[in-house]
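In case you want the letters, here they are:
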Amino acid sequence: RAKDAGRNQVCVHSTTETDLPLTPLIVETMLRNALNNHDLEIYYQPKIQAKSMQVIGAEALCRWRHPEYGEIPPHHFIPVAEASDLILPIDAYVLRSVCEQGARWLADGYRVRMSVNVSSRQFMQPDFPDLVRRILRETKMDPNLLELEITERTAMQDVDNAVHVLTELRNLGVRIAIDDFGIGYSSLSYLMRFPVQTIKIDRSFTAGIQSAVNQNPIIGAIISLAKSLNLNVVAEGVETVQQFDFLRDNKCDEIQGYLFGKPVPPTSFRLTSFEASPQPRGAYALWRDHD
Ligand code: C2E
Ligand code: MG
Ligand code: MG
Ligand code: MG
């Protein structure tokens, strides 16, 4: 258990259900090997455009496939990596792999907007925009199809620097999304100082939606304010039909969550759904039947 393990240990809870009390140093060492051995895998979770019901994007989420302990989810190792410099090569590896995948799908005729999470530490690197530029060039990825997800917290850490970095990134043609929006207490109008196109409403707000007629006015208010500022709004963590109905009725642009699909390896990603253009209700029923 994490709380018994003390301050110098982290608990790695893997899919094999074994709790591994390991020191951050051991996790870091194992993780470094994993990176070198390509044991970090990238899964993709679909983003569905509410009005067309088409899959228009994918968020890349990394998984650590440990030979002994099975699949270790990010919240067990990303914080360890973020506490050391190891997050830098991890983020770079993920970014490159995602651009390669996006370019491959594009070559196959599928325009998929690829979203990548960028850690605060990576974002603060003075050469981060150069890294992005280099990877885009080397992978021949269309910059317009790359979206970088920066958390609200990262953006607010050093506002002047964030404005500068985000402007450089925008000049490369990539899109910027503010991740986990709403929990960092920053106002949307303040965020308008940043050249961002998208906000992703934090999962905790989605979880609060109990019915299509929602009691909690906050999420509806966030969406309508974001829309009035011309932002693209994504809701994360959508698990129920009620949540989906509420979000669509409140003009949320895109939906991401287990209702439509868990993160999966690229070979299992439903590319076929990109081409489908059925009636919205028809497609909705189809997805629902899958549940
Ligand atoms: P995030 O960027 O906010 O990603 C969304 C998380 O919510 C993912 O967790 C995803 O699997 C999960 N999720 C999606 N839909 C649902 C749902 O309907 N219900 C529930 N309960 N969960 C849902 P995951 O994959 O465990 O990743 C957790 C966090 O780890 C991410 O949060 C992100 O901050 C970080 N992360 C993941 N991959 C990377 C990476 O490659 N680089 C960096 N720097 N951070 C990463
Ligand atoms: Mg994210
Ligand atoms: Mg998020
Ligand atoms: Mg989140």
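Owing to the predicted nature of the structure, the values given are computational and were not obtained by experimental measurement.

S.K.: I would appreciate a short explanation of the confidence of the model for the chain in the present structure.
M.R.: Caution is warranted with low-pLDDT regions, since their predicted coordinates should not be read in detail. In the predicted model, the chain carries a mean pLDDT of 85, and 85% of its residues have values of at least 70. The low-confidence segment residues 1–11 (pLDDT under 50) makes 20 contacts with residues lying over four places distant or belonging to another chain. Scored below 50 in pLDDT, residues 273–291 makes 29 contacts in the model with residues more than four places away or belonging to other chains. Here the prediction assigns the complex a pTM of 0.89, and the interface score ipTM is 0.97.

S.K.: How should I be thinking about the coordination of the magnesium ion (ligand 4) in this particular structure?
M.R.: In a perfect tetrahedron of four donors around a metal, the angles come out at 109.5 degrees. In a perfect octahedron of six, they are 90 or 180 degrees. The coordination sphere of the magnesium ion (ligand 4), as far as protein atoms go, consists of Asp180 (OD) and Glu236 (OE), spread over 2.4 to 2.8 Å. In this model, the magnesium ion (ligand 4) sits 3.0 Å from the magnesium ion (ligand 3), the two metals being bridged by Asp180. With Asp180 in strand β8 (residues 175–181) and Glu236 in the loop between β10 (232–235) and α11 (241–249), this residue pair connects regions lying 56 residues apart in the sequence. The exposure class of Asp180 is partly exposed, given its relative accessible area of 23%.

S.K.: For this particular structure, what's the right way to read helix α10 (residues 217–228)?
M.R.: Every α-helix winds through 3.6 residues per turn, so residues three or four apart in the chain are directed the same way. In this model, α10 (12 residues) spans 17 Å end to end at C-alpha, consistent with the 16 Å of a helix rising 1.5 Å per residue. For α10, the complete set of buried residues consists of Ile219, Gly220, Ile222, Ile223 and Ala226. Down the axis of α10, the buried set is contained in an arc of 160°. They therefore lie on one face. Exposed and facing more than 90 degrees away from the buried side of α10 are Pro217 and Ser228. Where α10 is buried, its residues meet β8, α8 (188–191), β9 (198–201), α9 (203–207), β10 and α11. Phi turns positive one or two residues past the end of α10, at Asn230, with a value near 65°.

So, how was this worked out
Numbering of residues starts from 1 in every chain and runs along the sequence as written. Chains and ligands are labelled sequentially in the order written, the chains with letters from A and the ligands with numbers from 1. pLDDT decides what is reported in this predicted model: residues at 70 or higher carry local features, side-chain atom pairs at 80 or more are listed and counted, and totals for whole chains, interfaces and linings draw on all residues regardless. Processing note: side-chain calculations cover all non-hydrogen atoms of the structure and skip hydrogens and water entirely. pLDDT expresses, on a scale from 0 to 100, how confident the predictor is about each individual residue. Contacts were defined at the residue level, with two residues in contact if any of their heavy atoms lie within 4.5 Å. Donor atoms: N, O and S within 2.8 Å of the metal, or within 3.2 Å for Na, K and Ca. Because water is excluded, sites can look incomplete. By the criteria applied, helices consist of DSSP H or I runs no shorter than four residues and strands consist of E runs no shorter than two, each listed in order from the N terminus. The classification of residues rests on relative accessible area computed with a 1.4 Å probe and restricted to protein chains. Under 20% of the type maximum is buried, over 50% is exposed, and intermediate values are partly exposed. How far a helix is expected to stretch is found by multiplying one less than its residue total by 1.5 Å. Working note: the arc is built from the helix axis to C-beta atom directions.

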